[in-house]
Amino acid sequence: MFKFDFREIKHMSILLISLGFICCMVGIIGSLLPVMPGLPISWLGILLLYFVPEIDLSSQLLWITFGITLVVFVLDYLIPFLGVKRFGGSKYGMYGAGLGLLIGLFTPIPFSVITFPFLGAFLAELLFSKQDTSTALRAAFGSFIGFLASTFIEFVGALAFAIIFTYQLLHYRAVLF
């Protein structure tokens with residue numbers, strides 16, 4: 001006859017909560033580092049919390065946070081291009097920023113994800129759009145401002161997910177501890 005040991009569930013819950021908490025903290029840090037997908041890592045923390053049997057986390061909350069994660073993940077790559085356009089750059093500057101971002105993602109140089117889109121937008125504006133240095137710098141600066149804006153949005157999202165995680169833990173603390 002199979003006998004079920006409820007202590008095993010408690011150990012699994014502690015493991016899931018611990019891993020979820022680590023994911024939320026790494027996600028916050030990752031949202032500030034250009035090479036780490038901070039918000040998806042934070043969402044993984046909420047997903048792990050969903051599988052804790054003692055916590056009644058709604059699947060609706062899980063899907064809403066997943067949708068937010070997808071939107072922010074896409075915007076994280078689009079906003080620097082929009083910054084180039086907003087600061088007077090041409091389509092060449094946007095292409096240069098995109099090419100710089102792709103090269104920066106695969107280059108093992110510190111801060112290449114920040115500097116390569118800047119350089120790409122600047123050089124593309126100078127070489128292909130035949131802009132003067134001032135206009136090219138303004139477009140490149142737009143790429144940098146876009147990067148800062150997308151980093152801020154991702155940080156706020158990761159922080160919100162950590163707050164949701166903490167709130168759920170506090171709400172169910174009597175059951176958990």
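Residues numbered from 1 in each chain as written. Predicted model: local features only at pLDDT ≥ 70, side-chain atom pairs only at ≥ 80, totals over all residues. Heavy atoms only, no water.

A.B. asks: Even after reading the chapter, I still don't get helix H4 (residues 91-105), so can you show me in this structure?
C.D. replies: Residues spaced three or four apart along an α-helix face the same direction, because each turn holds 3.6 residues. The end-to-end C-alpha distance of H4 is 21 Å, a good match for the 21 Å that 15 residues give at a rise of 1.5 Å each. Looking at H4, one finds that the buried residues are Gly93, Gly96, Ala97, Gly98, Gly100, Leu101 and Gly104. Elements that come into contact with the buried residues of H4 comprise helix H3 (59-86), helix H5 (112-127) and helix H6 (133-171). For H4, the N-terminal capping position is held by Ser90, with its side-chain oxygen 3.2 Å away from the main-chain nitrogen of Tyr92. (Helix = DSSP H or I, 4+ residues; strand = E, 2+ residues; numbered from the N terminus. Expected span 1.5 Å × (residues − 1). Buried < 20%, exposed > 50% of the residue type's maximum accessible area, 1.4 Å probe, protein only. Contact = heavy atoms within 4.5 Å. Polar contact = N/O pair within 3.5 Å; in protein donor to acceptor, adjacent residues only side chain to side chain.)

A.B. asks: What am I meant to see in the packing of aromatic side chains here?
C.D. replies: The geometry of an aromatic ring pair is captured by two quantities: the separation of the ring centres and the angle between the planes. Scanning the model with the defined rule gives six aromatic pairs in all. Between Trp43 and Phe66, the aromatic rings sit 5.0 Å apart at their centres with planes inclined by 50°, giving tilted as the arrangement. Within this pair, whereas Trp43 is found in helix H2 (residues 38-50), its partner Phe66 is found in helix H3, the two being separated by 23 residues in sequence. What makes Trp43 buried here is its relative accessible area of 14%. Given a relative accessible area of 29%, Phe66 falls into the partly exposed group. One aromatic cluster in this structure is built from Trp43, Trp63 and Phe66. Just above the ring of Tyr92 sits the side chain of Lys91; from NZ or CZ to the centre is 5.6 Å. (Phe/Tyr/Trp six-rings, centres within 6.5 Å; stacked < 30°, edge-to-face > 60°. Lys NZ or Arg CZ within 6 Å of the ring centre and 35° of its normal.)

A.B. asks: Before we go on, may I ask you to explain the packing of H5 against H6 in this structure?
C.D. replies: Angle between the axes and distance between the axes: these two values describe a pair of packed helices. With their axes 8 Å apart at the nearest point, H5 and H6 run at an angle of 150° to one another. With respect to H6, the element H5 is oriented roughly antiparallel. Crossing hand, H5 versus H6: right-handed. Residue-level inspection shows Ile114, Pro117, Phe118, Ala121, Phe122, Glu125 and Leu126 of H5 in contact with H6, the latter providing Thr133, Ala136, Leu137, Ala139, Ala140, Phe141, Ser143, Phe144 and Phe147. Looking at the contact of H5 with H6, its residues break down into 13 nonpolar, two polar and one charged. (Axes fitted to C-alpha atoms, helices over the stretch in contact; angles between N-to-C directions. Parallel < 35°, antiparallel > 145°, perpendicular 65-115°, else oblique. Left-handed = near helix turned anticlockwise from the far one by under 90°. Nonpolar A, V, L, I, M, F, W, Y, C, P; charged D, E, K, R; others polar.)

A.B. asks: Is there a simple way to think about the side chain of Glu54 in this case?
C.D. replies: With respect to the helices and strands, the residue Glu54 is situated in the loop between H2 and H3. What makes Glu54 buried here is its relative accessible area of 19%. Looking at Glu54, its side chain comes within polar contact range of the side chain of Ser13, at 2.5 Å. Setting aside chain neighbours within four positions, we find Glu54 in contact with Ile9, Lys10, Ser13, Tyr172, Val175 and Leu176.

A.B. asks: What exactly am I supposed to notice about the packing of H3 against H4 here?
C.D. replies: Remark: H3 packs on H4, axes separated minimally by 9 Å, with the N-to-C direction vectors making an angle of 145°. Along this stretch, H3 crosses H4, giving a crossing that reads as right-handed. Where H3 abuts H4, its residues Tyr77, Phe81, Val84 and Lys85 lie against Gly93, Met94, Ala97, Gly98, Leu101 and Leu105.

A.B. asks: Looking at this model, I keep getting lost on the environment of Thr133. Mind explaining?
C.D. replies: For Thr133, the location among the structural elements is in helix H6. Among the residues examined, Thr133 registers a relative accessible area of 45% and is labelled partly exposed. Considered as a pair, Thr133 and Phe122 are eleven residues apart in the sequence and their alpha carbons are 8.2 Å apart. In this structure Thr133 touches Phe122 and Leu126, once residues within four positions along its chain are discounted.

A.B. asks: Whenever I open this one, the nonpolar core confuses me. Can you help?
C.D. replies: Proteins that are soluble and globular tend to have nonpolar side chains buried together. Counting residues in hydrophobic clusters, the biggest one holds 24 residues, and the most contacted among them are Ile17, Leu49, Val52, Ile55, Phe165, Leu169 and Leu176. Elements represented by at least two residues in this core include exactly helix H1 (6-32), H2, H3 and H6. Considering every element that reaches this core, the biggest residue donor is H2, with seven residues. Among the nonpolar cores identified, the runner-up in size contains ten residues, and Ala97, Leu101, Phe122 and Ala139 belong to it. (Core = buried A, V, L, I, M, F, W, Y, C linked by side-chain atoms within 4.5 Å.)

A.B. asks: Hey, could you run me through the confidence of the model for the protein chain in this one?
C.D. replies: Caution applies to low-pLDDT regions: their predicted coordinates should not be interpreted in detail. Per-residue pLDDT for the protein chain has a mean of 88; in total, 95% of the residues score no lower than 70. Within the protein chain, the lowest mean pLDDT, 77, falls on helix H7 (residues 173-176), and the highest, 96, falls on H2. (pLDDT = per-residue confidence, 0-100.)

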